[in-house]
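Each chain is listed here by its residues.
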Amino acid sequence: MSGIETVKVIVDAEKQAAKLIDDAMTEASAIRKTIDSLVQQQRQQMLDEAKKEAAEISARAGDEGRLEAEQYERESAKALQALIARASARKDATVEKLVTMMMKLE
Amino acid sequence: MIMSETSKFTEDILNSARQKTDSIVREAEAETQRASEEAKNSITREAEAIVRNARADADAVKRRQISEARHRTKLREQQEKAKVMQEVLDQVRKRTSQLVTDETKYLPLLTHLIENGVRELGDKTVMIHLNKTDLERNKSLEQKVDRNLGHVKIEWAKEPIDAVGGAVISSLDGKIRIVNTLDQRFEALEPKLLIEGRTSLFAE
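Residues numbered from 1 in each chain as written. Chains lettered and ligands numbered in written order. Predicted model: local features only at pLDDT ≥ 70, side-chain atom pairs only at ≥ 80, totals over all residues.

Student: An account of the overall build of chain A is requested, with residue identities and associated values reported.
Tutor: When you go through chain A residue by residue, the secondary structure sums to two helices and zero strands. Compactness check: chain A gives a C-alpha radius of gyration of 44 Å against a globular reference of 13 Å for 106 residues, more than 25% above the reference. For chain A, the spread of C-alpha atoms along the principal axes amounts to about 145 × 30 × 15 Å. Counting every position in chain A, which comprises 106 residues, the buried fraction comes to 13%. (Helix = DSSP H or I, 4+ residues; strand = E, 2+ residues; numbered from the N terminus. Rg over C-alpha atoms; globule rule 2.2 N^0.38 Å. Buried ≥ 20, exposed ≤ 12 C-beta atoms within 10 Å, placed from the backbone.)

Right, dumping it as structure tokens:
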């Protein structure tokens, strides 16, 4: 191989090496670019799931709150009914007591 | 340069390039991996915040619904209690107005109300005003009151007052009046009657 041919082979190898590096940089750039769309996609998916869960929590809370409130009111109504029944049974005695207070000489 | 040396030299160049390309791609991949994990952590925090806020809002909604139910219940209870209490007070008024016909119970009270009024007024001469029924039976009253308040000159007003019972004791010129009617007594005692009545009706 002559000197010129040797130089040519080396220059070709250098060109090939430069191309390899250039291709690798292009690939690296492409890899970096995919991350943006991947992250964006992942973000959208996770936030959609979170929003869905949040909506379910809100709906469930409304139902649970209403049921608890209804239950509380039912129990309170029963207790009030008992209280009023007891008070009604004590009404005559109470009237007597208050009349006695009214007529009491101080 | 012989052929094999040239080949080795070019092979070295290419190997070095390949190593560099590997390094470039690995670095890009590692960088991407790091960025992806950081982004994932950040999104996870964002998503958790959405759910956490929803839970806090949900708790607030539940608390508000329960609180409103408690308020409605309390209001209903107060209304029902007030209704029963009012019925009792009406009965007490009615019974009191009926009791004035029972002289054995009423006359001692009337005498007491008159004497208290006279003492409170503190004048040497006083005017006593009664309702129509009491005016008609004031003979027995006069004697009793005169006996108990011998040092005070008492004049009995001819005009009846509009009251269930009791008396109004006034100075002769009418400028000072002690109102000791049963109606006034009822009003004066009402706070006590309410307390006693509520305790009697609603205590456990």
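Student: Requested: an account of the overall build of chain B, with residues and values cited.
Tutor: The secondary structure content of chain B amounts to five helices and four strands. A compact globule built from 204 residues would reach a C-alpha radius of gyration of about 17 Å, whereas chain B, at 48 Å, exceeds it by more than 25%. For the C-alpha atoms alone, the extent of chain B along its principal axes is close to 160 × 30 × 25 Å. By the burial criterion, 21% of the 204 residues in chain B qualify as buried. Counting only contacts in chain B whose residues sit at least 6 apart along the sequence, the fraction spanning at least 24 positions is 72%. (Contact = placed C-beta atoms within 7 Å.)

Student: Now, about the interface of chain B and chain A: what can you tell me, with residues and values included?
Tutor: Many structure descriptions define interface size as the accessible area lost when the parts assemble. With 65 residues of chain B in contact, the opposing surface of chain A contributes 57 residues. Elements with a minimum of two residues in the side of chain B that touches chain A: helix H1 (3–99), helix H2 (103–121) and helix H5 (182–202) of chain B. With 50 residues, H1(B) is the largest single contributor of residues to the side of chain B that touches chain A. Residues belonging to the side of chain B that touches chain A are distributed by class as follows: 31 nonpolar, 14 polar and 20 charged. (Nonpolar A, V, L, I, M, F, W, Y, C, P; charged D, E, K, R; others polar.)

Student: Mind laying out the pairing of strand S3 (residues 166–170) of chain B, listing which residues take part and the relevant values?
Tutor: Residues and elements named next belong to chain B. Where burial is concerned, most of S3 is hidden: five out of the five residues are buried. Here S3 runs beside strand S4 (residues 177–181); their pairing, made up of five bridges, is antiparallel. Bridged to Gly166 within S4 is Thr181. In this antiparallel pair of consecutive strands, S3 and S4, the connection spans six residues, and Gly174 shows a positive phi of 75°. (Pairing = 2+ DSSP bridges.)

Student: Go over the nonpolar core, please, and point to the residues and values.
Tutor: Counting residues in hydrophobic clusters, the biggest one holds 15 residues, and the most contacted among them are Leu110(B), Leu113(B), Ile114(B), Ile128(B), Ala167(B) and Ile169(B). At the level of secondary structure, the elements contributing two or more residues to this core comprise H2, strand S1 (125–129) and S3 of chain B. For this core, the leading source of residues is H2(B), giving six residues. Beyond its immediate sequence surroundings of up to four residues, Leu113(B) is in contact with Gly166(B), Ala167(B) and Asn180(B). Counting residues in hydrophobic clusters, the runner-up holds nine residues, among them Ala87(A), Val95(A), Val99(A) and Val84(B). (Core = buried A, V, L, I, M, F, W, Y, C linked by C-beta atoms within 7 Å.)

Student: Requested: an account of the sheet that holds S4(B), with residues and values cited.
Tutor: All names here are of chain B. What the four strands build is an open sheet, ordered S2-S1-S3-S4; its pairing is mixed. Only two strands of the sheet have a single partner each, and these edge strands are strand S2 (153–156) and S4. Neighbour-to-neighbour, the strand axes of this sheet turn through a mean angle of 25°, independent of strand direction. In the packing of H5 onto the sheet, contacts are made with S3 and S4, and the angle to S4 comes to roughly 85°. (Axes fitted to C-alpha atoms, helices over the stretch in contact; angles between N-to-C directions.)

Student: Summarise the packing of H2(B) against helix H4 (residues 138–148) of chain B; cite the residues concerned and give the values.
Tutor: All names here are of chain B. H4 packs onto H2 with a crossing angle of 45° between their chain directions and a minimal axis gap of 10 Å. By the angle between their directions, the pair H2 and H4 is classed as oblique. Crossing angle aside, the handedness with which H2 passes H4 is right-handed. Where H2 abuts H4, its residues Leu107, Leu110, Thr111, Ile114 and Glu115 lie against Leu141, Lys144, Val145 and Asn148. (Parallel < 35°, antiparallel > 145°, perpendicular 65-115°, else oblique. Left-handed = near helix turned anticlockwise from the far one by under 90°.)

Fair warning: the whole summary comes from geometry, so function is off the table for now.
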